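Structural overview for review
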Amino acid sequence: MAVLDSKIPDGPLETKWSNYKSHVKLVNPANKRKLEIIIVGSGLAGSSAAASLAELGYKVKVFCYQDSPRRAHSIAAQGGINAAKNYKNDGDSVFRLFYDTVKGGDFRSREANVYRLAEVSANIIDQCVAQGVPFAREYGGLLDNRSFGGAQVSRTFYARGQTGQQLLLGAYSALSRQIGLGNVTMYNRHEMIEVVTIDGKARGIIARNLVTGKLERHFGHAVVLATGGYGNVFFLSTNAMGCNVTAAWKAHKKGAFFANPCYTQIHPTCVPVSGDYQSKLTLMSESLRNDGRVWVPKKQGDKRAPKDIPEDERDYYLERKYPSFGNLSPRDISSRAAKEVCDEGRGVGKSGLAVYLDFADAIKRLGKEVVEARYGNLFDMYKHITNENPYEVPMRIYPAVHYTMGGLWVDYNLMTTLPGLYALGECNFSDHGANRLGASALMQGLADGYFVLPYTIGDYLSGEIFTKPIPTDHPAFLESEKAAKDRIEKLLAVKGNKTVDDFHKELGKIMWEYCGMSRNAEGLKKAKQLIKQLRAEFWKNVRVTGGNDEFNVDLEKAGRVADFMELGELMVDDALQRNESCGAHFRVEYQEEGEAKRNDAEYAYVSAWEHTAVDSESILHKEPLVFENVHFATRSYK
């Protein structure tokens with residue numbers, strides 16, 4: 001059985017990473033050319049890692065299920081990327097970014113990893129500027145910053161409302177250079193559907209060519225997963241339709257522990273659901289809350305047009321409840337506050353499940369031109385979706401599933417409990433605790449890829465320089481390929497009456513109702529039974545059209561939804577055993593005056609789950625969280 005060893009270096013927090021880099025084992029350039037690394041996923045974390053490792057001299061193979069790395073979901077991150085450069089001279093520092101991140105995660109993240117993240121954050125900005133990322137600039141030419149939720153300083157670098165896209169283009173250009181040099185082999189339209197293990201180590205993958213349906217075997221001295229989060233378990237989310245948990249889940253079933261699966265971030269600033277026909281939701285960047293004011297009518301059932309509601313009959317509830325942070329309160333708190341006023345009958349729009357995000361004051365104060373320069377593309381996107389002009393009427397927003405803080409458990413080296421298998425970015429659990437602060441996802445993905453993994457993976461690969469490439473006709477590869485083929489044939493053989501989307505929607509409704517913005521023991525127990533029943537029905541009544549030896553989107557989705565159902569059960573188990581409220585995990589039984597009530601004495605740990613069998617209970621392991629540099633405190637933004 002694997003043992004949880006976080007491998008945190010000794011010494012003071014401020015010197016752990018520098019001392020680690022000074023003493024870590026290295027691989028000399030001649031030996032790097034002999035080592036092969038597989039990277040699954042080509043978003044910010046995957047592309048930056050691939051470019052960096054190839055630049056170092058390793059032979060790299062990159063797999064993505066899109067037609068191009070440019071289509072990775074990283075492009076959807078709009079508002080910005082955090083870095084402790086203190087350009088505004090407003091009191092920011094590495095320690096303050098570290099503390100804000102730990103506090104924002106409700107003291108449920110690992111100190112050493114978070115400090116390292118804050119420490120390397122400034123390097124990310126320099127790297128991206130060198131790549132030509134067009135960050136916004138002030139009049140004097142210096143890079144501009146804006147504020148984001150959960151912080152009282154301006155540390156967020158941005159490129160209008162397209163920050164993720166611009167950062168990805170920078171990483172993609174670095175990746176493309178290495179592809180051109182022959183150091184990276186790119187496999188577009190390939191989905192990893194099995195991890196291959198030999199003698200207890202990750203030694204390769206089985207990938208399906210999504211165009212031809214052919215199963216392919218690929219060897220690697222190490223395997224790196226950078227496959228994003230699993231928010232699509234809820235069906236309706238801000239994630240791209242293709243986002244899935246399959247790669248991480250296959251790794252979990254081969255021995256990689258899954259950590260904190262119930263920690264799901266609900267983003268407060270999304271375009272509300274407008275009908276059952278929707279397949280996804282659209283995010284409106286948190287940056288909008290810099291200048292937009294959130295409000296609802298004070299009276300229940302007030303359906304007047306917003307311009308007809310006088311100022312004294314409006315409730316700017318975030319400013320009222322959390323005066324120190326106001327509209328920039330963290331995402332979990334802002335989301336629950338929106339749900340609360342809507343549950344009271346004060347929501348707006350036809351459904352009553354929305355609140356206003358109003359820019360009238362900002363336009364009056366700054367002028368329309370300034371607001372347009374800051375948020376123009378976001379306003380255009382909102383108008384295109386709703387046919388309402390946010391320059392003239394307030395936006396309507398409501399919380400939606402956005403990001404997952406849980407993921408594969410990794411140690412300080414970013415290695416999972418399966419030796420040789422690494423997890424980067426949103427795919428791992430390590431940096432955000434129970435709630436991620438805005439603009440920290442881009443920071444973590446690029447930190448892991450550019451500045452952390454290139455050091456830490458060498459420590460492992462230094463012991464692999466005498467391992468010759470293992471032929472892909474090795475029995476372990478054949479066995480994994482057969483398992484993948486059998487599962488595909490099983491899906492195609494069901495020939496039931498319900499579509500894959502029908503099952504996905506039902507799963508999403510169960511997860512949102514019982515394991516969404518608020519949870520309770522009774523609902524979670526009910527959810528577990530409902531998911532078991534739905535999973536059993538899926539394998540008896542799903543209809544997957546088409547065949548295996550062809551381009552078949554229906555088959556792709558079926559495999560992913562089958563994995564989501566198994567994940568859903570684990571998420572419910574994780575939420576059920578954590579008898580406290582912390583960050584995005586809000587158990588209604590554990591609150592005080594409407595705010596989350598943590599239980600640090602019993603639950604200050606990472607829950608890391610070990611897979612046993614599909615119809616058997618997973619085993620819970622606990623990594624205690626020790627705080628030596630920050631102290632537990634009531635998480636107040638008032």
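Predicted model only: the values in this text are computed from it and were never measured.

What to know about the sheet that holds strand S8 (residues 215-219)
Within the open sheet, the three strands sit side by side as S6-S7-S8. Their pairing is antiparallel. With one partner strand each, in any of the chains shown, strand S6 (190-198) and S8 form the two edges of the open sheet. The sheet shows a mean angle of 25 degrees between the axes of neighbouring strands, taken without regard to direction. Bridge count for S6 against strand S7 (residues 201-209) is eight bridges, and the pairing is antiparallel. Its bridge partner lying in S7, glutamate 194 is registered against isoleucine 206. Across the sheet, helix H13 (residues 475-494) touches S6, S7 and S8, and the angle it forms with S6 is around 140 degrees.

Focus: the sheet that holds strand S10 (residues 258-259)
Taken in spatial order, the four strands line up as S16-S10-S20-S21 in an open sheet, and their pairing is antiparallel. This sheet does not close on itself; its edge strands, each paired only once, are strand S16 (407-408) and strand S21 (619-624). Pairing geometry for strand S20 (residues 605-610) and S21, over six bridges, is antiparallel. Pairing of tyrosine 605 across the sheet is with proline 624, part of S21.

Let's talk about the pairing of S20
Judged by how many residues are buried, S20 sits mostly within the fold: six of six residues are covered. Both faces of S20 are covered, namely the face carrying Tyr605, Ser607 and Trp609 and the face carrying Val606, Ala608 and Glu610.

Structural notes on the pattern of salt bridges
Under the definition given, this model contains 56 salt bridges. Residue glutamate 319 pairs with arginine 293 through a salt bridge whose shortest N-O separation is 2.9 Å. Of the two residues, glutamate 319 sits in helix H8 (residues 317-321) while arginine 293 sits in strand S12 (residues 293-297), which places them 26 residues apart along the sequence. Its relative accessible area of 27% is what places glutamate 319 among the partly exposed residues.

Some remarks on the environment of isoleucine 619
With respect to the helices and strands, the residue isoleucine 619 is situated in strand S21. Under the relative-accessibility criterion, isoleucine 619 is labelled partly exposed at 34%. Along the backbone, isoleucine 619 and serine 329 are 290 residues apart, and their C-alpha atoms lie at a distance of 36 Å. For isoleucine 619, the contacting residues outside a window of four places in its chain are Ala608, Trp609, Glu610 and Thr612.

Overview of the nonpolar core
The nonpolar side chains of a soluble globular protein tend to be buried, and buried together. Core analysis: the largest hydrophobic core is formed by 177 residues, its most contacted members being Ile81 and Leu225. Other than its neighbours up to four places away in sequence, leucine 225 contacts Val40, Met192, Ala247, Ala248, Ala251, Leu408, Leu421, Tyr422, Ala423, Leu424 and Cys427.

A short note on the packing of H13 against helix H16 (residues 553-577)
Remark: H13 packs on H16, axes separated minimally by 11 Å, with the N-to-C direction vectors making an angle of 105 degrees. One finds that H13 runs roughly perpendicular with respect to H16. Residues Arg487, Ile488, Leu491 and Leu492 of H13 lie in contact with H16, whose contacting residues are Leu555, Ala558, Gly559, Ala562 and Asp563. Split by residue class, the contact of H13 with H16 holds six nonpolar, one polar and two charged.

Some remarks on the packing of aromatic side chains
If you walk through the whole model with that rule in mind, you get 26 aromatic pairs. Aromatic pair phenylalanine 359 and tyrosine 375: ring centres 6.0 Å apart, planes at 55 degrees, arrangement tilted. On the criterion of sequence distance, the pair formed by phenylalanine 359 in the loop between strand S14 (355-358) and helix H10 (360-366) and tyrosine 375 in helix H11 (residues 368-386) is long-range, its members being 16 residues apart. No difference in accessibility class separates phenylalanine 359 from tyrosine 375, as the two residues are buried. Taken together, Trp17, Tyr20, Tyr412 and Tyr455 form an aromatic cluster joined through their ring pairs. Over the ring of tyrosine 403 we find arginine 436, and its NZ or CZ is 4.0 Å from the ring centre.

Overview of H16
Across its 25 residues, H16 extends 36 Å between first and last C-alpha, which sits within 8% of the 36 Å expected from 1.5 Å per residue. Most of H16 sits out of view: 22 of its 25 residues are buried. N-capping of H16 is provided by asparagine 552, with a side-chain oxygen placed 3.1 Å from the backbone N of aspartate 554.

With respect to the packing of helix H14 (residues 500-515) against H16
Running from amino to carboxyl end, H14 crosses H16 at an angle of 20 degrees, the nearest separation of the two axes being 10 Å. The pairing of H14 with H16 is recorded here as roughly parallel in orientation. Of the two possible hands of crossing, H14 and H16 adopt the one that is left-handed. Of H16, the residues touching H14 (which contributes Val500, Asp501, Phe503, His504, Leu507, Met511 and Cys515) are Asp554, Lys557, Ala558, Val561, Phe564, Met565, Gly568, Met571, Val572 and Ala575. For the contact of H14 with H16, the residue count by class is 12 nonpolar, two polar and three charged.

Thoughts on the state of the cysteines
The tally for this structure, following the rule as stated, stands at zero disulfides. Its sulfur unpaired, cysteine 582 is 7.0 Å from the next cysteine sulfur, which belongs to cysteine 262.

Regarding unusual backbone geometry
Positive phi, close to 55 degrees, is recorded for asparagine 89, a residue that is not glycine. Looking at asparagine 89, the relative accessible area reads 65%, which means it is exposed. Although it is not a glycine, aspartate 199 adopts a positive phi angle of roughly 55 degrees. Given the relative accessible area of 78%, aspartate 199 is considered exposed.

Points about the domain arrangement of the chain
Partitioning the chain into domains gives domain 1 (36-78 + 103-129 + 161-265 + 403-461), domain 2 (266-401) and domain 3 (475-624). Between the C-alpha centres of domain 1 and domain 3 the distance comes to 21 Å. Counting residues at the interface gives 55 residues for domain 1 and 60 residues for domain 3. At the boundary of domain 1 with domain 3, total buried surface from both sides reaches about 4600 Å², with 62% on carbon and sulfur atoms. On inspection of domain 1 and its partner domain 3, the count reaches eight salt bridges. Put simply, arginine 560 and glutamate 191 hold a salt bridge, and the shortest N to O gap is 2.9 Å. Summed over the shared surface of domain 1 and domain 3, the result is 24 residue pairs in polar contact (both at pLDDT 80 or more).

What counts, and where the lines are drawn
- Residues numbered from 1 in each chain as written.
- Predicted model: local features only at pLDDT ≥ 70, side-chain atom pairs only at ≥ 80, totals over all residues.
- Heavy atoms only, no water.
- Pairing = 2+ DSSP bridges.
- Helix = DSSP H or I, 4+ residues; strand = E, 2+ residues; numbered from the N terminus.
- Axes fitted to C-alpha atoms, helices over the stretch in contact; angles between N-to-C directions.
- Contact = heavy atoms within 4.5 Å.
- Buried < 20%, exposed > 50% of the residue type's maximum accessible area, 1.4 Å probe, protein only.
- Salt bridge = Lys/Arg side-chain N within 4 Å of Asp/Glu carboxyl O.
- Core = buried A, V, L, I, M, F, W, Y, C linked by side-chain atoms within 4.5 Å.
- Parallel < 35°, antiparallel > 145°, perpendicular 65-115°, else oblique.
- Nonpolar A, V, L, I, M, F, W, Y, C, P; charged D, E, K, R; others polar.
- Phe/Tyr/Trp six-rings, centres within 6.5 Å; stacked < 30°, edge-to-face > 60°.
- Lys NZ or Arg CZ within 6 Å of the ring centre and 35° of its normal.
- Expected span 1.5 Å × (residues − 1).
- Polar contact = N/O pair within 3.5 Å; in protein donor to acceptor, adjacent residues only side chain to side chain.
- Left-handed = near helix turned anticlockwise from the far one by under 90°.
- Disulfide = S-S within 2.5 Å.
- Domains from an automatic or database assignment.
- Buried area = accessible area lost by both parts, 1.4 Å probe.

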